[in-house]
Amino acid sequence: MRALAQAGEAVDQDYRTGQRARTAVIADTMAWSAGISYVGSNVVSLAFRAERGMEPAASPPVVTPRRRFLARLSLALSGLIGAVATVPVIGFLLSPLTRKAPRVWRPVGPVGDFAIGQTVNVVFEDASPLPWAGVTARTAAWLRRDDAEHFTAFTVHCTHLGCPVRWVADAQLFLCPCHGGVYYSDGTVSAGPPPKTLPQYPVRVRSGQVEIQTSPIPIV
Amino acid sequence: MLQRVLAWLDDRSGLITASRHALEHPVPPRTGWWYVFGSATLIAFILQVATGIALSTAYVPSSGQAYESLRFISEQALLGRFLRGMHYFGASAMVLLVGIHVSRTYWMAAYKFPRELNWLTGAVLLLLTLALAFTGQLLRWDQTAVWSVIVGAAQAGRMPIVGPEIARFILAGDTIGGATLSRFFAFHVFFIPAIVFAFIGLHLLLVLRHGISERTRDGNRVDPATYREHYASLLKREGVPFWPDAAWRDVVFGAAMVATIAVLALVVGPPELSRPPDPSILEAYPRPDWYFLWYFAVLALTPHHLETFIIVAGPLLFGAALLLPAFFNKGFRSVRQRPWAALLVVFMWTTIVSFWVAGERADWSPDFAAQPLPASVVRSTNTEVVEGARLFHAKGCEFCHAIDGHGGKRGPDLSDVRGRMAPDQIGTRITNGGPNMPAYARTLAPEQVRALVAFLSTRGP
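Residues numbered from 1 in each chain as written. Chains lettered and ligands numbered in written order. Predicted model: local features only at pLDDT ≥ 70, side-chain atom pairs only at ≥ 80, totals over all residues.

1. Section: the overall build of chain B
For clarity, the cut-off: Helix and strand labels come from DSSP, where a helix needs a run of H or I of at least four residues and a strand needs a run of E of at least two; each type is numbered from the N terminus. Only the C-alpha atoms count toward the radius of gyration. The rule for a globule is 2.2 Å times the residue count to the power 0.38. Here exposure depends only on C-beta density: within 10 Å of a residue's C-beta, 20 or more other C-beta atoms make it buried, 12 or fewer make it exposed, and intermediate numbers make it partly exposed, the C-beta atoms being placed from the backbone. Here, residue contact means that the backbone-derived C-beta atoms of the two residues sit within 7 Å.
Looking only at helices and strands, one finds 19 helices and 4 strands in chain B. Computed over the C-alpha atoms, the radius of gyration of chain B is 28 Å, more than 25% above the 23 Å expected from 2.2 N^0.38 for a compact globule of 461 residues. With respect to the three principal axes, the spread of C-alpha positions in chain B is 95 × 55 × 45 Å. For chain B, the residues scored as buried account for 41% of the 461 residues in total. Taking the contacts inside chain B whose residues are at least 6 apart along the sequence as the reference set, 76% of them involve residues at least 24 apart.

2. Let's talk about the overall build of chain A
If you tally the helices and strands in chain A, you get 5 helices and 11 strands. Considering chain A as a whole, with its 220 residues, one finds that 30% of them fall into the buried category. Taking the intrachain contacts of chain A between residues at least 6 apart in sequence as the baseline, contacts between residues at least 24 apart amount to 46%.

3. Looking at the packing of helix H18 (residues 423-432) of chain B against helix H19 (residues 446-456) of chain B
Residue and element names in this part refer to chain B. Applicable threshold: Axis lines are fitted to C-alpha atoms, over the contacting stretch for helices. Their N-to-C directions set the angle, which ranges from 0 to 180 degrees. Oblique is the label for any angle not under 35 degrees, not over 145, and not in the 65 to 115 range, which are roughly parallel, roughly antiparallel and roughly perpendicular in turn. Here a crossing is called left-handed whenever its near helix is offset anticlockwise from the far helix by less than a right angle, and right-handed whenever the offset is clockwise. For this scheme, ten residues count as nonpolar: Ala, Val, Leu, Ile, Met, Phe, Trp, Tyr, Cys and Pro. Four count as charged, namely Asp, Glu, Lys and Arg, and the remainder, Gly too, count as polar.
In contact at an axis separation of 9 Å, H18 and H19 are set at 130° when each is read in the N-to-C sense. Taken together, the axis directions place H18 and H19 in an arrangement best described as oblique. Read as a crossing pair, H18 and H19 show a hand that is right-handed. Of the residues in H19, those touching H18 at Pro423, Ile426, Gly427, Ile430 and Thr431 are Val449, Leu452, Val453 and Leu456. Split into classes, the residues belonging to the contact of H18 with H19 amount to 7 nonpolar, 2 polar and no charged.

4. As for the interface of chain B and chain A
One frequent convention defines the size of an interface as the accessible area lost when the parts assemble. Contact residues are listed per partner, giving 86 residues for chain B and 74 residues for chain A. Broken down by element, the side of chain B that touches chain A gets its largest block of residues, 9 residues, from helix H9 (residues 178-210) of chain B. The residue inventory of the side of chain B that touches chain A, partitioned by class, reads 48 nonpolar, 27 polar and 11 charged.

5. Observations regarding the nonpolar core
Stated formally: Here a nonpolar core is just a set of buried residues of the types Ala, Val, Leu, Ile, Met, Phe, Trp, Tyr and Cys, joined wherever their C-beta atoms sit within 7 Å.
Counting 136 residues, the largest nonpolar core has Ala141 of chain A together with Ala44, Val149, Ile150 and Ala153 of chain B as the members making the most contacts within it. Per-element accounting of this core gives the leading share, 12 residues, to helix H5 (residues 80-107) of chain B. In this structure, Ala141 of chain A is in contact with Val122, Ala153, Phe154, Thr155, Val156, Tyr201 and Ile212 of chain A, ignoring residues within four places of it in sequence.

6. A few points about the sheet that holds strand E11 (residues 209-213) of chain A
Residue and element names in this part refer to chain A. Quick reminder of the rule: Should DSSP find at least two bridges between two strands, the strands are taken to pair.
Spatial strand order, E1-E11-E10: 3 strands in an open sheet with antiparallel pairing. The sheet terminates laterally at strand E1 (105-110) and strand E10 (203-206), the two strands that pair on one side only. Across this sheet, the average inter-strand angle for adjacent strands is 35°, counted without regard to direction. Across 4 bridges, the pairing between E10 and E11 is antiparallel.

7. Digging into the environment of Ala137 of chain A
Tracing the sequence through the fold places Ala137 of chain A in the loop between strand E2 (119-125) and strand E3 (138-145). Under the C-beta neighbour-count criterion, Ala137 of chain A is labelled buried, with 24 such atoms within 10 Å. Taking the C-alpha atoms as reference, Ala137 of chain A lies 5.7 Å from Glu125 of chain A; in sequence the two are 12 residues apart. Sequence-distant contacts of Ala137 of chain A, that is, excluding residues within four places in its chain, are made with Glu125, Asp126 and Pro129 of chain A together with Gly177 of chain B.

8. Focus: the packing of H5 of chain B against helix H11 (residues 242-267) of chain B
All names here are of chain B. One way to put it is that H5 packs onto H11 with a least axis distance of 8 Å and a crossing angle of 135°. As judged from the angle between their axes, H5 and H11 are oblique. Taken as a pair, H5 and H11 cross one another with a handedness that is right-handed. Here H5 contributes Phe82, Gly85, Met86, Phe89, Gly90 and Ala93 to the contact with H11, which in turn contributes Met257, Ile261, Ala262, Leu264, Ala265 and Leu266. Classifying every residue of the contact of H5 with H11 by side-chain character gives 10 nonpolar, 2 polar and no charged.

These values are about where atoms sit, not about what they do.
Set out below in structure tokens:
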């Protein structure tokens with residue numbers, strides 16, 4: 001630190017005694033302004049300069065009741081300004097935690113479209129999509145018709161890390177492309193890293209339509 | 001005239017003199033090329049700010065429209081493809097260089113007294129760089145990005161107690177949707193860069209305050225009682241002005257880096273967009289950009305019972321490890337006297353590169369593109385053997401097992417299984433499964449198992 005200050009003094013001395021030509025100043029100025037990469041360090045040097053220029057007074061000011069009051073008032077008001085500026089922002093950012101999406105039943109097709117024993121991919125819309133959600137409002141599920149009246153709907157999300165599992169009909173397995181998780185047709189884990197059985201979505205039949213209840217992405 | 005304007009400017013603002021102080025401050029001699037990585041990281045960051053601002057003028061941070069705006073930028077906008085490429089390779093450079101910079105600093109123990117805060121602010125900048133890399137990768141709002149958000153949320157969800165809440169915070173709701181992308185955009189372009197700017201300022205201020213570390217010498221110890229004096233006398237004896245004696249290397253390396261980024265952006269171009277960000281398209285193969293590929297591999301290769309521990313405690317331990325050097329601020333700096341430090345740096349890089357290679361191969365992923373085995377591989381006309389070969393593909397065996405180079409690498413290669421297992425063992429394995437293999441008793445008829453055994457029993461020398 002002292003060394004740096006001394007170096008700075010030396011440069012200042014050069015200026016004062018006129019040992020440095022004005023043209024050198026210009027050349028140096030051009031040199032640093034040419035390098036945009038040094039903008040950052042220039043800003044810092046300002047702070048550095050300020051540090052050198054504004055050493056605190058040798059003895060601190062006498063603390064009078066008036067000064068103490070003004071200092072406390074200023075600190076309190078600064079805190080208030082900070083709180084007004086940040087609390088609503090934090091609340092706004094955390095709003096997804098308090099907003100509970102409703103659960104709704106989404107039709108995915110007439111019962112007759114599904115063959116008994118077959119597992120197929122069905123697509124439906126989230127519970128309350130925002131108008132600008134576009135295709136991201138879509139969700140999929142693996143739907144199997146167990147018998148004439150009963151259906152099972154599996155999530156498409158691997159319980160390992162949420163990747164999309166694929167149903168391989170011939171092998172009767174769900175396979176995950178990310179880290180190689182494998183599930184049997186009933187959703188139980190048969191190989192790989194998944195820690196849990198593939199979750200199911202509520203599914204029902206209403207007026208000839210198969211309906212799936214929207215659910216959060218399962219986080220296990 | 002110009003001189004007078006500059007003199008006036010300097011008198012009123014102090015800018016020129018202040019810059020001169022910063023640029024001409026004495027630095028230790030013979031610092032060499034190992035000292036260029038910090039400034040190169042900064043140059044890469046400035047490049048990211050410039051290209052990022054340009055891209056943000058056309059990018060639409062809406063879950064429903066970002067993909068189309070990216071296609072517009074990549075395919076129609078003047079220089080759009082180039083700028084996307086610059087931003088991608090600039091990000092790659094920044095991640096790589098910040099990694100090298102932190103390794104170099106640790107290797108040379110430049111974090112020791114009085115530069116502990118330099119290290120800590122640098123540690124924060126390292127983490128922020130990774131945060132920028134993760135959020136930036138997601139702004140390429142295609143299918144891969146959508147699944148990366150879900151994978152990120154699922155990882156956060158492993159945390160005890162607060163996990164599900166953090167996952168909801170990341171997704172901005174129960175599912176991917178309209179709220180998800182604009183938040184990541186705000187974090188990527190406002191929140192994180194603002195903090196990065198502040199910390200870069202602090203980091204550079206500290207560099208000026210303490211000076212850059214001198215080259216290490218065997219046997220030299222850092223003693224807080226005498227170090228400052230030692231450093232000051234070193235500068236007085238042998239110090240050279242930072243500009244241009246040391247800075248020229250920063251500029252040469254920085255220019256070479258920028259040129260490399262520009263050439264890569266031009267020749268290789270930005271990563272192609274995958275399919276649209278539709279979470280209902282299940283034919284996806286999500287994987288992170290190269291700088292997180294090693295972590296993707298860690299998640300695939302970790303023993304299952306340790307996984308939650310690694311996902312949750314790993315980042316915390318990494319963060320804690322970054323704090324540690326600040327507490328070991330005395331003693332030898334030379335790496336010859338700190339063999340464990342050298343070993344640690346080599347170990348870290350070897351680990352990351354090894355996992356990266358594993359992630360690049362991703363042997364654990366089933367090969368969904370496997371084709372039926374050709375006759376040249378089957379090498380038989382026996383009907384049962386031919387049927388077994390057909391089932392080997394049709395029943396999904398080939399997704400995980402390879403034969404003569406056809407098929408996945410998830411399970412053992414079965415090209416010469418005859419030499420390892422008797423036919424009845426093969427049959428038992430197929431019906432009962434194995435430690436990491438499904439049991440096929442319910443999905444295969446006995447004659448199908450027999451056909452598969454017949455086929456596999458022909459595999460071998």
